[in-house]
Amino acid sequence: YWPRVLRALLPRPTACLLDKIDELVFDQFWQNYLKDNRGLVTSRSSAELRWIFGDQLARGTVVLMGLFSASALIGYIALQSRQGGRRWMIVDWIALRDDPLILSELLVSAVRYLRRETSAVMLESIGFPESAERLLARSLPFRRRTPNNSYLWKFLDGHTSIPEGSWFFGPYDGDRCM
């Protein structure tokens, strides 16, 4: 009970807009993420993020927002513009320890940004696990009637399985952000 009360009294961090992928900030985040990670995850080093998002970030077709604690990055969300900025897609969304509070704050900050700064009419999320779907359902008003994990990863041998919660995958981990 008391941790929730204390958390409610503390000022909530707000994600800030990032205009570049800083090597020190993102590589430190990635090393911190790997310390607690217990599942399969695609690499997110600063060099790889610049390769995927760098040109789009410079052109403004990708928006990158980060959440910081004591000047260290603790999570970020990447949004990609579609149809001239009317539709946006969450192409990467990650937080240390896959913390739902950090992920929620990133999502809320992204929605606020899109409402305030763009002509967006839609924010899409495709290919995230069910744990992320629950966070999305709380923050976004509309939902598909069918499951929207479109099998970015599908094991074909029939013997491999990944327990729920052991892999926080998303479009970044497939080919959706390219």
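Small disclaimer: the values here were computed from a predicted structure and weren't measured.

## Observations regarding the overall build of the protein
Reasoning step 1: When its secondary structure is counted, the protein shows five helices and five strands.
Reasoning step 2: Along the protein, helices (α) and strands (β) appear in the sequence α-β-α-α-β-β-β-α-β-α when read from the amino end.
Reasoning step 3: Relative to its 178 residues, the protein shows a buried fraction of 43%.
Reasoning step 4: Contacts in the protein between residues at least 24 apart in sequence constitute 63% of all its contacts with a sequence separation of at least 6.
Reasoning step 5: When the accessible surface of the protein is totalled, it reaches about 10,800 Å², and 55% of it is carbon and sulfur.

## As for the nonpolar core
Reasoning step 1: Judged by nonpolar contacts, the single largest core of 46 residues is most densely connected at I77, L79, I90, W93 and L123.
Reasoning step 2: The set of elements that each furnish at least two residues to this core consists of α2 (23-36), α3 (46-59), β2 (62-69), β3 (72-82), β4 (87-95), α4 (100-117) and α5 (130-139).
Reasoning step 3: At eight residues, α4 tops the list of elements feeding residues into this core.
Reasoning step 4: Contacts of L123, omitting those with residues within four sequence positions, involve L79, W88, M89, I90, L107, V111, L114 and L140.

## Let's talk about the pairing of β4
Reasoning step 1: In terms of burial, β4 is largely enclosed, as eight of its nine residues are buried.
Reasoning step 2: Pairing of β3 with β4, which is carried by eight bridges, proceeds in the antiparallel orientation. Note that in β4 the partner of R82 across the bridge is R87.
Reasoning step 3: Counted between consecutive antiparallel strands, the loop separating β3 from β4 contains four residues, among which Q83 sits at a positive phi close to 50 degrees.
Reasoning step 4: Two elements, β4 and strand β5 (residues 122-124), share three bridges in a ladder whose sense is parallel. Across the sheet, residue W88 finds its bridge partner in β5, namely L123.
Reasoning step 5: In the classification by handedness, the crossover that spans β4, the intervening α4 and the parallel β5 is right-handed.

## Structural notes on α4
Reasoning step 1: Along its 18 residues, α4 runs 25 Å from first to last C-alpha, staying within 8% of the 26 Å computed at 1.5 Å per residue.
Reasoning step 2: Along α4, the residues classified as buried are I102, L103, S104, E105, L106, L107, S109, A110, V111, Y113 and L114.
Reasoning step 3: Buried residues along α4 sit against β1 (16-18), β2, β3, β4, β5 and α5.
Reasoning step 4: N-capping of α4 is provided by D99, with a side-chain oxygen placed 2.7 Å from the backbone N of L101.

## What to know about the sheet that holds β3
Two orientations exist for strands paired in a sheet by backbone hydrogen bonds: parallel and antiparallel.
Reasoning step 1: With mixed pairing, the five strands of this open sheet are ordered in space as β1-β2-β3-β4-β5. Every interior strand has two partners, whereas the edge strands, β1 and β5, have only one. On average, each strand axis in the sheet is inclined to that of its neighbour by 35 degrees, with strand direction left out of account.
Reasoning step 2: Pairing analysis gives three bridges linking β1 to β2, with the strands arranged antiparallel. Bridge pairing links L18 to L64 in β2.
Reasoning step 3: In the packing of α3 onto the sheet, contacts are made with β1, β2, β3 and β4, and the angle to β2 comes to roughly 120 degrees.

So, how was this worked out
Residues numbered from 1 in each chain as written. Predicted model: local features only at pLDDT ≥ 70, side-chain atom pairs only at ≥ 80, totals over all residues. Heavy atoms only, no water. Helix = DSSP H or I, 4+ residues; strand = E, 2+ residues; numbered from the N terminus. Buried < 20%, exposed > 50% of the residue type's maximum accessible area, 1.4 Å probe, protein only. Contact = heavy atoms within 4.5 Å. Areas by Shrake-Rupley, 256 points an atom, 1.4 Å probe, with all protein chains shown as cover. Core = buried A, V, L, I, M, F, W, Y, C linked by side-chain atoms within 4.5 Å. Pairing = 2+ DSSP bridges. Right-handed = clockwise from strand over helix to strand, strands pointing away. Expected span 1.5 Å × (residues − 1). Polar contact = N/O pair within 3.5 Å; in protein donor to acceptor, adjacent residues only side chain to side chain. Axes fitted to C-alpha atoms, helices over the stretch in contact; angles between N-to-C directions.

It is worth stressing that arrangement in space is one thing and function is another; only the former is reported here.
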